[in-house]
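The residues making up each chain are set out below.
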Amino acid sequence: MGYRLSKHDFSELLHKLQEDNKVYGPTCKEKKGTFSANDLVVYDQVADLNDLELTTKTKFSPKEIIFPIRQTMFYFTEDQQQIPQVDEESIIIFLRPCDRNAVKRLDEIFLENGPEEDIYYQRLRDKVKFFVLECTTGFDSCFCVTMDSNRVEPEEYTAFLRFEEDELECEVTDPDLEHLIQELGSEIEFNPQFKEEDETEVNLPPKEEITNDLFEHQLWTDYTRRCIACGRCNTACPTCSCFTVKDIVYEENSNCGERQRMWAGCHIDGFTEMAGGHNFRDEYGDRMRYKTMHKIYDFNERFGFDMCVGCGRCDDICPEYISFSNCINKLNQIIEEGE
Ligand code: SF4
Ligand code: SF4
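Conventions we followed
Residues numbered from 1 in each chain as written. Chains lettered and ligands numbered in written order. Predicted model: local features only at pLDDT ≥ 70, side-chain atom pairs only at ≥ 80, totals over all residues. Heavy atoms only, no water. Near = heavy atom within 4 Å. Nonpolar A, V, L, I, M, F, W, Y, C, P; charged D, E, K, R; others polar. Helix = DSSP H or I, 4+ residues; strand = E, 2+ residues; numbered from the N terminus. Expected span 1.5 Å × (residues − 1). Bend = angle between axes of the 7 residues up to and from the residue. Axes fitted to C-alpha atoms, helices over the stretch in contact; angles between N-to-C directions. Parallel < 35°, antiparallel > 145°, perpendicular 65-115°, else oblique. Left-handed = near helix turned anticlockwise from the far one by under 90°. Contact = heavy atoms within 4.5 Å. Pairing = 2+ DSSP bridges. Polar contact = N/O pair within 3.5 Å; in protein donor to acceptor, adjacent residues only side chain to side chain.

### Some points on the site of ligand 2
Here is step 1: Neighbouring residues of ligand 2: C227, I228, A229, C230, G231, R232, C233, H267, C318, P319, E320 and I322.
Here is step 2: Per-class residue counts for the shell around ligand 2 are 8 nonpolar, 2 polar and 2 charged.

Structure, rendered in structure tokens:
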């Protein structure tokens, strides 16, 4: 069922929802960008509808809400361990279809990729309700249509929202939320709209033609020259889910401390370093190959759909102007031309 309500009424509803939920969405931090005159658009808690930034792509994705950059797994003393509590409150995330599809990828990695679910991910994930923002145009660097991540199904959201000038239209799948909205809005026919065409043309190579012959191709060597291994593409990516684990020992008593996990990434130095100092992806181009194959081939082999959702954030954020979408096109061209 669809509803139309004024932005003022939706804002009131948002305030009410904040009694039991932490609400996150895209926000604009004025003059907090890379340069002092630039704004930074990132996910953060929103107190009011006016806090939502709906016209600019966020630099980073909402993944850190359910997969924090740094997370304590447990505290330890000489003979005890304790897993930290999580907040009672539920979580609402305003996000676009590509980012909702990225969470589907994280779900596969953390919940379906082995005999046990990742409890740290699961206990946050279980609290989340998704409010999907209609996105029919995307941004310059997006290629979500190519990656089949432009659409979402009703079971994947609590609400689907279309913002107009002074009002908004929505579809609601949660009976409790629907009850609240019924009191504020009028019923309408509502059909979610999705982006149908990408501005950035990306040609995915056919999976069956991606072979080990491409392993040593000159394409990757070019990235050894250009990439500086900063890892920004990994941290900005909504589907990168690698982490490393570290024990932090307290100064006061070296038998006590906490085990933390923190984001890691395949482009970053040390990621493949092993005991004895062997590093099996020392060259930066090898890391680009690994990431590319993982995003458009290996993950698909295991889970049946590509890992990359085509959000284009890695293209936007690379300080060396390395374009992942361009890399996919080059790979496809090499395969087509049989080089
Ligand atoms: S690889 Fe790049 S385009 Fe694909 S999901 Fe990650 S950040 Fe987005
Ligand atoms: S953001 Fe660019 S330079 Fe940095 S690791 Fe990724 S590809 Fe390399």
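On we go.
### A word on unusual backbone geometry
Most peptide bonds adopt trans geometry, and most residues besides glycine take a negative phi value.
Here is step 1: Unlike most non-glycine residues, A229 shows phi in positive territory, near 60°.
Here is step 2: Inspection of the secondary structure puts A229 in the loop between α6 (218-226) and α7 (232-236).

### Here we look at helix α8 (residues 284-303)
Here is step 1: Look at α8: 27 Å from first C-alpha to last across 20 residues, which is about the 28 Å you get at 1.5 Å a residue.
Here is step 2: At H294, α8 shows its largest bend, some 55°.
Here is step 3: Looking one or two residues past α8, G304 carries a phi angle of roughly 90°, positive in sign.

### Quick look at the packing of α6 against α8
Here is step 1: Look at α6 against α8: their axes get within 6 Å of each other, and the N-to-C directions meet at 120°. What the angle tells us is that α6 and α8 run oblique. Helix-helix and strand crossings are classified by hand; for α6 and α8 the assignment is right-handed. Contact with α6, carried on its side by W220, Y223 and T224, involves Y284, G285, D286, M288, R289, T292 and M293 of α8 and no other residues of that element.
Here is step 2: By residue class, the composition of the contact of α6 with α8 is 5 nonpolar, 3 polar and 2 charged.

### Thoughts on the sheet that holds strand β8 (residues 159-163)
Here is step 1: The strand order across the open sheet formed by 8 strands is β3-β2-β6-β7-β8-β9-β1-β10, and the pairing between neighbours is mixed. Edge strands, defined here as strands with exactly one partner in the open sheet, are β3 (40-45) and β10 (186-188). Going across the sheet, the axis of each strand differs from the next one's by a mean of 25°, ignoring polarity.
Here is step 2: As paired elements, β8 and strand β9 (residues 167-172) share 5 bridges and run antiparallel to each other. Within the sheet, the bridge partner assigned to R162 lies in β9 and is E169.
Here is step 3: Packed on one face of the sheet, helix α1 (residues 7-17) meets β1 (2-6), β2 (21-29), β6 (90-95), β7 (128-133), β8 and β9 and runs near 100° to β1.
Here is step 4: Strand contacts of helix α5 (residues 175-184): β1, β7, β8 and β9, with the helix running at about 55° to β1, the strand carrying the most contacts.

### Some details on the sheet that holds strand β4 (residues 70-76)
Here is step 1: If you walk across this open sheet you meet the 4 strands as β5-β4-β12-β11, and the pairing is antiparallel. Each edge of the open sheet is held by one strand with a lone partner, namely β5 (81-82) and β11 (243-249).
Here is step 2: Bridge analysis of β4 against β5 gives 2 bridges, and the strand direction is antiparallel. Residue pairing in the sheet places F76 in a bridge with Q81 of β5.

### So, the environment of N21
Here is step 1: Within the secondary structure, N21 sits in strand β2.
Here is step 2: Between the C-alpha atoms of N21 and E165, which are 144 residues apart in sequence, the distance is 26 Å.
Here is step 3: There is a polar contact of 2.9 Å between the side chain of N21 and the backbone oxygen of L17.
Here is step 4: Of note is the side chain of N21, whose polar atom sits 3.2 Å from the side chain of K129.

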